[in-house]
Each structure stands twice: as C-alpha cells, then as structure tokens.
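Per-entry structural report
The primary structure of each chain is shown beneath.
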Amino acid sequence: MKLRKVDFYLDWPASISIVNLRKFIIGKLMKKGMIIRWSIVNIKVLKNHPNSKKKIRINAVLANPINA
C-alpha cells in the first residue's frame, strides 16, 4: 500500500451548500485515491472576485493514489 499526503485548494461553488460540502469534498478526493483522512485547513473568500468566490484548502492522506 502506498500512501501520499496531498495539500491543495479546491473551489467551493456557490451552488454547493454547507450541508452538502462534505459530500462534495469526498467526491473530489475519491477521484485521487482511497481516503485515509482529510481536513479543511483554511477557507479563503476572494472578495475582489464576482460573487465572493470561495477557496477551501484541503489536507488529506490517500492510499494507493491515482497518478502518483
């Protein structure tokens, strides 16, 4: 089993409510490998961008990562 630590920013679309955010993040992470653990490290609100775009910083550990 190969483990890989990933740390990246993910755009949080306005169409995804806070209630569905966990499902959205897990769906994105599952495309990269089997999830061992993950966490939200930071949320940035880009006020200079139209509609106050949000970026979420994700820190995760994946097993058997795809494209490792």
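Analysis parameters
- Residues numbered from 1 in each chain as written.
- Predicted model: local features only at pLDDT ≥ 70, side-chain atom pairs only at ≥ 80, totals over all residues.
- Heavy atoms only, no water.
- Salt bridge = Lys/Arg side-chain N within 4 Å of Asp/Glu carboxyl O.
- Helix = DSSP H or I, 4+ residues; strand = E, 2+ residues; numbered from the N terminus.
- Buried < 20%, exposed > 50% of the residue type's maximum accessible area, 1.4 Å probe, protein only.
- Polar contact = N/O pair within 3.5 Å; in protein donor to acceptor, adjacent residues only side chain to side chain.
- Contact = heavy atoms within 4.5 Å.
- Core = buried A, V, L, I, M, F, W, Y, C linked by side-chain atoms within 4.5 Å.

Under the defined criterion, the tally for this structure stands at three salt bridges. Asp7 is paired through a salt bridge with Arg57; the nearest N and O atoms lie 2.6 Å apart. Remark: Arg57 occurs in strand 3 (residues 53-63) and Asp7 occurs in strand 1 (residues 3-12); sequence separation between them is 50 residues. Arg57 gets classed as partly exposed once you look at its relative accessible area, which sits at 28%. We note a salt bridge from Lys55 to Asp11, for which the minimum N-O separation is 2.6 Å. Of the two residues, Lys55 is situated in strand 3 and Asp11 in strand 1; the sequence distance between them amounts to 44 residues. Look at Asp11 and you get partly exposed, because its relative accessible area is 32%. Several salt bridges share partner residues, and in doing so they unite Asp11, Lys53 and Lys55 into one network.

In this structure, Asn59 sits in strand 3. Of the polar contacts made by the side chain of Asn59, one reaches the side chain of Arg37; its length is 3.3 Å. Sequence-distant contacts of Asn59, defined by excluding residues within four places in its chain, comprise Lys5, Val6, Asp7, Arg37, Trp38, Ser39 and Val41.

Below, the discussion takes up the nonpolar core. Residues Val6, Phe8, Leu10, Trp12, Leu21, Phe24, Ile25, Leu29, Ile56, Ile58, Ala60 and Leu62 constitute the largest nonpolar core, which totals 12 residues. Elements with a minimum of two residues in this core: strand 1, helix 1 (21-30) and strand 3. Those residues in contact with Phe24 that sit more than four places away from it in its chain are Leu10, Asp11, Pro13 and Ile16.

That is the geometry; function is a separate question.
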